[in-house]
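The lines below spell out each chain.
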Amino acid sequence: MSSTPRINDELSQIAPRLRRAREKKNVTLAELATATGISKSTLSRLESGQRKPNLELLLPIVAALAVPFEEIVSPPRVQDPRVPQRSTRADGRTLTPLSQHQGEPQAFKIVIPATDREPAPRTHTGYEWIYVLSGRLRLILGEHDVVLGTGEAAEFDTRNPHWFGSTGTDSVEILSMFGKQGERIHLRARSTSATSATSATSATSS
């Protein structure tokens, strides 16, 4: 769960906590209004969740009720930072997610087999960053055809025709950052090429 949903969830708990704290102290809304200088209607809206809480309102209330501030507002629990690594395989390539937030870009570790060396340039919206962990990566970007070794990096606009794969000598392991559309392209590129090739062969045979 990302930080924003956790914060929203915590904020939604403040209203019922205020009501419980007041009722536990046997204090009426009218009495609390007199003690805090906050109108009864505002206090009622706070307890029903219709009014967004802020420090200017909460501090006088917790002081009047003599309750710890943390009893009303507790910080969102820190989630386990470890990322579940559930790999996806397609046409020999293995994509392992390295980030779990819902936004973009997403980070992946990609293992490309030595047999994945036939260029099939694709385009899609977005931007991509690549870092070679091991092996030699062949990258085709527009008119550029380069080989990146271990420790080298590249970044490019994916609206330009691009493809990357093995040089044919060994498998390649890389880190890559891109969006969801890029993930779909990487998983389906070779499948699409294979389908196109099959269709072309069938058409020729016909």
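Keep in mind the model is a prediction, meaning the values are calculated, not measured.

Asker: Sorry, what's going on with the pattern of salt bridges here?
Answerer: Where charged atoms of side chains with opposite charge meet at close range, the side chains can pair. Applying the stated criterion across every chain yields a total of six salt bridges. Arg22 serves as the salt-bridge partner of Glu47, at 2.6 Å between the closest nitrogen and oxygen. In this pair, Glu47 sits in helix α4 (residues 40-48) while Arg22 sits in helix α2 (residues 14-24), placing the two residues 25 residues apart along the sequence. Residue classification places Glu47 among the buried positions, given a relative accessible area of 7%. A salt bridge links Lys109 to Glu173; the nearest nitrogen and oxygen atoms lie 3.5 Å apart. Here the residue Lys109 occupies a position in strand β3 (residues 106-112), and Glu173 occupies one in strand β9 (residues 172-178), the gap between them amounting to 64 residues. Through salt bridges with shared partners, a single network forms among Arg19, Arg22 and Glu47.

Asker: What am I meant to see in the sheet that holds strand β5 (residues 137-141) here?
Answerer: Strand pairing within a sheet occurs via backbone hydrogen bonds; the two strands may be parallel or antiparallel. Pairing within the open sheet is antiparallel, and its three strands lie in the order β6-β5-β8. Of all the strands in the sheet, just β6 (144-148) and β8 (162-166) have a single pairing partner and so form its edges. Along the sheet, successive strands turn relative to each other by an average axial angle of 15 degrees, direction set aside.

Asker: Is there a simple way to think about the pairing of β6 in this case?
Answerer: Each regular strand carries side chains that alternate between the two faces of the sheet. Of the pairings in the sheet, the one linking β5 to β6 comprises five bridges and is antiparallel in character. Across the sheet, the residue bridging to Leu141 is His144, located in β6.

Asker: Is there a simple way to think about the sheet that holds strand β7 (residues 153-157) in this case?
Answerer: The sheet built from six strands is open, its strands ordered β1-β2-β3-β9-β4-β7 with antiparallel pairing. Strands with a single pairing partner mark the edges of an open sheet, and in this sheet they are β1 (88-90) and β7. Mean inter-strand twist for the sheet, computed between neighbouring axes without regard to direction, equals 25 degrees.

Asker: How should the side chain of Arg22 be read in this particular structure?
Answerer: Here Arg22 falls in the buried class, since its relative accessible area comes to 8%. In contact with Arg22, other than residues within four places in its own chain, are Val27, Thr28, Leu29, Leu32, Glu47 and Leu65.

Asker: How should the packing of aromatic side chains be read in this particular structure?
Answerer: What characterises a pair of aromatic rings is the spacing of the ring centres plus the angle enclosed by the ring planes. Here the structure, examined in full by the defined rule, presents two aromatic pairs. Judged by centre distance (6.3 Å) and plane angle (10 degrees), the rings of Trp129 and Tyr131 are stacked. A relative accessible area of 32% places Trp129 in the partly exposed class. Classification of Tyr131 by relative accessible area gives partly exposed; the value is 28%.

Asker: Looking at this structure, I do not really get the packing of α2 against helix α5 (residues 55-65). What am I missing?
Answerer: Any two packed helices are characterised by the angle at which their axes cross and by the distance between the axes. Axis separation between α2 and α5 bottoms out at 10 Å; the angle between their running directions is 25 degrees. Judged on the interaxial angle alone, α5 and α2 are roughly parallel. You can see that α2 and α5 cross each other, and the crossing is left-handed. Judged by residue contacts, Ile14, Leu18, Ala21 and Arg22 of α2 engage Leu58, Ile61 and Leu65 from α5. Here the contact of α2 with α5 is composed, by residue class, of six nonpolar, no polar and one charged.

Asker: Help me understand the environment of Pro121, please; the structure alone is not making it clear to me.
Answerer: By secondary structure assignment, the location of Pro121 is in the loop between β3 and β4 (127-134). Given a relative accessible area of 40%, Pro121 falls into the partly exposed group. In the structure, Pro121 is positioned 40 residues away from Pro161 in sequence and 5.3 Å away in space, judged by C-alpha atoms.

Asker: Just to check I follow, could you spell out α4 for this structure?
Answerer: Every α-helix carries 3.6 residues per turn, so stepping three or four residues along brings you back to the same face. Those residues of α4 that fall on the buried side of the exposure criterion are Thr42, Leu43, Leu46 and Glu47. Looking straight down α4, one finds that the buried residues subtend no more than 135 degrees of arc, so they occupy a single side. Each element contacted by the buried residues of α4 is listed here: α2, α3 (29-36) and α5. A positive backbone phi angle near 85 degrees is found at Gly49, which sits one or two residues after α4.

Quick notes on the rules
Residues numbered from 1 in each chain as written. Predicted model: local features only at pLDDT ≥ 70, side-chain atom pairs only at ≥ 80, totals over all residues. Heavy atoms only, no water. Salt bridge = Lys/Arg side-chain N within 4 Å of Asp/Glu carboxyl O. Helix = DSSP H or I, 4+ residues; strand = E, 2+ residues; numbered from the N terminus. Buried < 20%, exposed > 50% of the residue type's maximum accessible area, 1.4 Å probe, protein only. Pairing = 2+ DSSP bridges. Axes fitted to C-alpha atoms, helices over the stretch in contact; angles between N-to-C directions. Contact = heavy atoms within 4.5 Å. Phe/Tyr/Trp six-rings, centres within 6.5 Å; stacked < 30°, edge-to-face > 60°. Parallel < 35°, antiparallel > 145°, perpendicular 65-115°, else oblique. Left-handed = near helix turned anticlockwise from the far one by under 90°. Nonpolar A, V, L, I, M, F, W, Y, C, P; charged D, E, K, R; others polar. Arc of directions from axis to C-beta.

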